[in-house]
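Chain by chain, the residues run as shown.
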Amino acid sequence: MGLGSTRRTVLITGAAGFLGSHLADRLLAEGFEVVGLDNLMTGDLGNLRSASREPHFHLEIGDVRETLHVYAEIIFNLACPASPVHYQSDPYATLTSSVFGAIRLAEYARLRRVRIVHASTSEVYGDPLEHPQKETYWGHVNPIGERACYDEGKRAAETVLMDARRVHGADVRIMRIFNTYGPRMALNDGRVVSNFLRQAIEGEPITMYGDGSQSRSFCYQSDLIDGIFRLAIVNAIEQPIVNLGNPREMTMNELAFAVMNVAGKEVAIVRKPLPADDPRRRCPDITLANKLLGWEPKVALEQGIAATCADFRERLLPEAKPEQR
Ligand code: UDP
């Protein structure tokens, strides 16, 4: 992106989160002035250690549900808890972060020229009846289940932003993010990669929910961030909703063995009940992202797990040397 003499300002909501902070690093490296907004509900200031050293990074502690006062040319809306354990612990906050957040952005876009790059999720497909999932699939979501605060919140946010596009011509791009992992995931995140890794490193039994035959497809953070960046800078976009994820699908049993292998520790596997409405299968069809953005993930699972394992070791093991994350 041509920078000219002045830097272009972007806003990242949820900047202290796992993906928000990696996105901040990438945008700073690309020469943007980056404003981060976070209410620290699940974000961690430690994630912003490298960004905070940059003179072109500014942090605001605030809430996406309130009126935005920051000026930005592009808003990356990543503000919402994303792990089932976290998003279900305060369902109202989860739903309102998505829905009121999208409404605030739509209001903002009505008054100013801004590009909105919104983080939606594969959860809009629910427990999918179509496989792999294409952007055209409408989904199979339980509207009153334990996951609904997140799934339906994200679906309603898509509705709000697509209406803003139709009615006011707002420049909206929506990425449906599939399972993503990497350094800086919260140690207590509760999602499968962070749980299995922590358990393997600490020599604890791996907690397998259900029989482990359910599948997911895991994307490494740098691949995902590259997809977000490409979606943000591409010029005109006719189809504004794009899946971003890694199409390598695997069962949770396969993941457990991959994690133990990389961590170099074999631990027991204990079975726990499968959570309600846990999707059986999930895998993105990324044909559209490939065509529109020339994007596809590059980092192999074993490589990504190794990098994440190194970061977890540093944070979990007291004797490990603290390094820049
Ligand atoms: N899971 C598991 N053990 C754990 C955490 C999760 O077996 O300690 C399973 C979970 O039931 C689901 C899959 O791993 O089938 C992915 O769960 P996660 O919470 O990471 O994300 P989801 O894709 O369900 O939002």
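Refer to the structure printed above.
Residues numbered from 1 in each chain as written. Predicted model: local features only at pLDDT ≥ 70, side-chain atom pairs only at ≥ 80, totals over all residues. Heavy atoms only, no water.

Student: Any details on the site of the ligand? Residues and values, ideally.
Tutor: Residues in close proximity to the ligand total 18 residues, the closest being V192, T207, R216, D278 and R282. For the ligand, an oxygen atom lies 2.9 Å from a polar atom in the side chain of R147. The backbone of T207 places a nitrogen or oxygen atom 2.7 Å from a nitrogen atom of the ligand. Its free accessible area being 520 Å², the ligand has 96% of it covered by the protein chains. Put simply, the parts of the chain that give the shell around the ligand at least two residues each are α6 (192-202) and β8 (206-209). (Near = heavy atom within 4 Å. Polar contact = N/O pair within 3.5 Å; in protein donor to acceptor, adjacent residues only side chain to side chain. Areas by Shrake-Rupley, 256 points an atom, 1.4 Å probe, with all protein chains shown as cover. Helix = DSSP H or I, 4+ residues; strand = E, 2+ residues; numbered from the N terminus.)

Student: Run through the packing of α6 against helix α8 (residues 252-263), naming residues and quoting values.
Tutor: Two numbers describe how α6 lies on α8: the axes approach to 9 Å, and their chain directions differ by 40 degrees. Viewed along their axes, α6 and α8 adopt a mutual orientation that is oblique. Regarding α6 and α8, the two cross each other, and that crossing is right-handed. Contact residues: α6 offers V192, V193, F196, L197 and A200, while α8 offers M252, L255, A256, V259 and A263. (Axes fitted to C-alpha atoms, helices over the stretch in contact; angles between N-to-C directions. Parallel < 35°, antiparallel > 145°, perpendicular 65-115°, else oblique. Left-handed = near helix turned anticlockwise from the far one by under 90°. Contact = heavy atoms within 4.5 Å.)

Student: For the sheet that holds strand β4 (residues 74-77), give the residues involved together with the corresponding values.
Tutor: Here we have seven strands laid out as an open sheet, ordered β3-β2-β1-β4-β5-β6-β11, and parallel in their pairing. The strands lining the two open edges of the sheet, one partner per strand, are β3 (57-61) and β11 (241-244). When the angles between neighbouring strand axes are averaged without regard to direction, this sheet yields 20 degrees. Taken strand by strand, helix α1 (residues 18-29) contacts β1 (9-13), β2 (33-38), β3, β4 and β6 (171-177), and its axis lies near 170 degrees from that of β1. (Pairing = 2+ DSSP bridges.)

Student: Please give an account of the packing of aromatic side chains that cites residues and values.
Tutor: Applying the stated rule across the entire model yields four aromatic pairs. Sitting over the ring of Y108, R112 keeps its end group 4.1 Å from the ring centre. Geometry around F312 places R315 over its ring, the cationic atom sitting 5.1 Å from the centre. (Phe/Tyr/Trp six-rings, centres within 6.5 Å; stacked < 30°, edge-to-face > 60°. Lys NZ or Arg CZ within 6 Å of the ring centre and 35° of its normal.)

Student: Lay out the state of the cysteines in plain terms, naming residues and giving numbers.
Tutor: Under the defined criterion, the tally for this structure stands at zero disulfides. Looking at C219, it has no disulfide partner, and the nearest cysteine sulfur is the one in C283, 11 Å off. Since its relative accessible area comes to 0%, C219 is described here as buried. Cysteine C309 shares no disulfide, and the gap to the nearest cysteine sulfur, in C219, comes to 19 Å. (Disulfide = S-S within 2.5 Å. Buried < 20%, exposed > 50% of the residue type's maximum accessible area, 1.4 Å probe, protein only.)

Student: Break down α6 for me, with residues and values.
Tutor: Burial of α6 is extensive: eight of the 11 residues sit out of reach of the surface. Within α6, the full set of buried residues consists of V193, S194, N195, F196, L197, Q199, A200 and I201. G203 occupies a position one or two residues after α6 and carries a positive phi of about 70 degrees.

Student: With reference to specific residues and values, describe the nonpolar core.
Tutor: Proteins that are soluble and globular tend to have nonpolar side chains buried together. By size, the foremost hydrophobic cluster in this structure holds 63 residues, and its most contacted members are L27, V34, F76, M175, I228, L244 and L255. Ranked by residue count, the leading element in this core is α8, at seven residues. With near-sequence residues (within four places) excluded, V34 lies in contact with V10, I12, A24, L27, L28, H56, F57 and H58. The next biggest cluster of nonpolar side chains, apart from the first, holds 22 residues, and it includes L37, A106, Y108 and V172. (Core = buried A, V, L, I, M, F, W, Y, C linked by side-chain atoms within 4.5 Å.)

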